[in-house]
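Summary of the model geometry
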Amino acid sequence: MSNLYKIHQTESGYFFVTDKGIPYMIILEKSSFIPPYGDFLYDFSFFPIDAKEKRNKDQNGFDPKIHLTLLNFLEDLFSQDVRNTIVYICDSQDQREVYRKILFDKWYDEFSIERFEKLDFKLVNDGSDYLITTYISIVTLRENPHLDDLKDFTRSNMEEFENYKFE
């Protein structure tokens, strides 16, 4: 039995189904942020297609194959070109962004951090009747020849990141 789920590609992204029958979607698309060195920046997200409330309680709970599948997916992306970079924005629609950030950090720490550079940002967008905190991680290989350019690009474009998330 494999410790990974089989990923299928569709027109709208990639998907896999867990042993408990939960379909997950993986979105990987060229980022709207184009760094000066080329178009190797991807927006990355994943989510269960069915909301937790719509699943039976036997379907919920920890499943180690999910994160192994996602890490393998990303490993494939990074092996295609050392310049490939992902932008992961922790979704804040259900106020669980902090938990997503903790989980993403845990996976990153388990995933051979010596090979990768992760740039983390926390954006706070507060209005008169709301407060939204957005966590963004940018991950690339340390051998990316444009790593310094990427660091400069991300630091100088944080306002654009914030506008992109909340438009």
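Since this is a predicted model, take the numbers as computed values, not measurements.

**Observations concerning the pattern of salt bridges**
As enumerated under the stated definition, the model contains 9 salt bridges in all. Here Arg115 ties to Glu75 by a salt bridge, and the two come within 2.9 Å at their closest N and O atoms. A residue pair is termed long-range when its members are at least 10 positions apart, and Arg115 in the loop between helix H2 (97-110) and strand S6 (116-126) and Glu75 in helix H1 (residues 64-80) qualify at 40 residues. Take Arg115: its relative accessible area is 34%, and that puts it in the partly exposed class. Exposure remark for Glu75: the relative accessible area of 23% places this residue in the partly exposed category. Arg83 is the salt-bridge partner of Asp81, the closest N and O atoms lying 2.8 Å from each other. In this structure Arg83 comes out as partly exposed when scored by relative accessible area, which is 27%. It is possible to trace a salt-bridge network through shared partners that takes in Lys101, Asp105, Lys118 and Asp120.

**Concerning the sheet that holds strand S4 (residues 41-48)**
In space, the 7 strands of this open sheet follow the order S1-S2-S3-S4-S5-S7-S6, with mixed pairing throughout. Strand pairing shows two members of the sheet lacking a second neighbour, strand S1 (8-10) and S6, which therefore form its edges. Put simply, the sheet's adjacent strands are angled 25° from each other on average, direction ignored. Two elements, strand S3 (residues 23-30) and S4, share 7 bridges in a ladder whose sense is antiparallel. The residue of S4 that forms the bridge with Leu28 is Phe44. Across the sheet, helix H3 (residues 147-156) lies against S4, strand S5 (85-89), S6 and strand S7 (131-141), angled at about 5° from S6, the strand it touches most.

**Some remarks on the nonpolar core**
If you look at the biggest cluster of nonpolar residues, it comprises 27 residues, and the most contacted ones within it are Ile26, Phe44, Leu70 and Ile86. For this core, the elements supplying multiple residues, two or more each, are strand S2 (13-17), S3, S4, H1, S5, H2 and S7. Here the element with the most residues in this core is H1; it accounts for 7 residues. Aside from chain neighbours lying at most four places away, what touches Ile26 is Ile7, Gly13, Tyr14, Phe16, Phe44, Ser45, Phe46, Leu70 and Phe73. Ranked by size, the runner-up nonpolar core spans 11 residues in total, among them Val87, Leu123, Ile138 and Phe153.

**Remarks on empty space enclosed by the protein**
According to the stated counting rule, one finds 1 cavity of 30 Å³ or more in the structure shown. Of the pockets and cavities examined, the largest cavity occupies roughly 120 Å³. Lining the largest cavity are 13 residues, and of these Leu71, Leu74, Phe104, Tyr108 and Phe111 lie nearest its centre. When residues of the lining of the largest cavity are traced back to their parent elements, those giving at least two are S4, H1 and H2.

**Topic: the confidence of the model for the protein chain**
Low-pLDDT stretches of the model should not have their predicted coordinates read in fine detail. The predicted model of the protein chain has a mean per-residue pLDDT of 81, with 84% of residues at 70 or higher. Of all secondary-structure elements in the protein chain, the lowest mean pLDDT belongs to helix H4 (residues 158-166), at 55, while S2 reaches the highest, 94.

Cut-offs used in this document
Residues numbered from 1 in each chain as written. Predicted model: local features only at pLDDT ≥ 70, side-chain atom pairs only at ≥ 80, totals over all residues. Heavy atoms only, no water. Salt bridge = Lys/Arg side-chain N within 4 Å of Asp/Glu carboxyl O. Helix = DSSP H or I, 4+ residues; strand = E, 2+ residues; numbered from the N terminus. Buried < 20%, exposed > 50% of the residue type's maximum accessible area, 1.4 Å probe, protein only. Pairing = 2+ DSSP bridges. Axes fitted to C-alpha atoms, helices over the stretch in contact; angles between N-to-C directions. Contact = heavy atoms within 4.5 Å. Core = buried A, V, L, I, M, F, W, Y, C linked by side-chain atoms within 4.5 Å. 1 Å grid on protein atoms, 1.4 Å probe; cavity = no way out; pocket = protein on both sides within 12 Å on 5 of 7 lines; lining within 4 Å. Points joined across faces, edges and corners; volume = space filled by probe spheres on them. pLDDT = per-residue confidence, 0-100.

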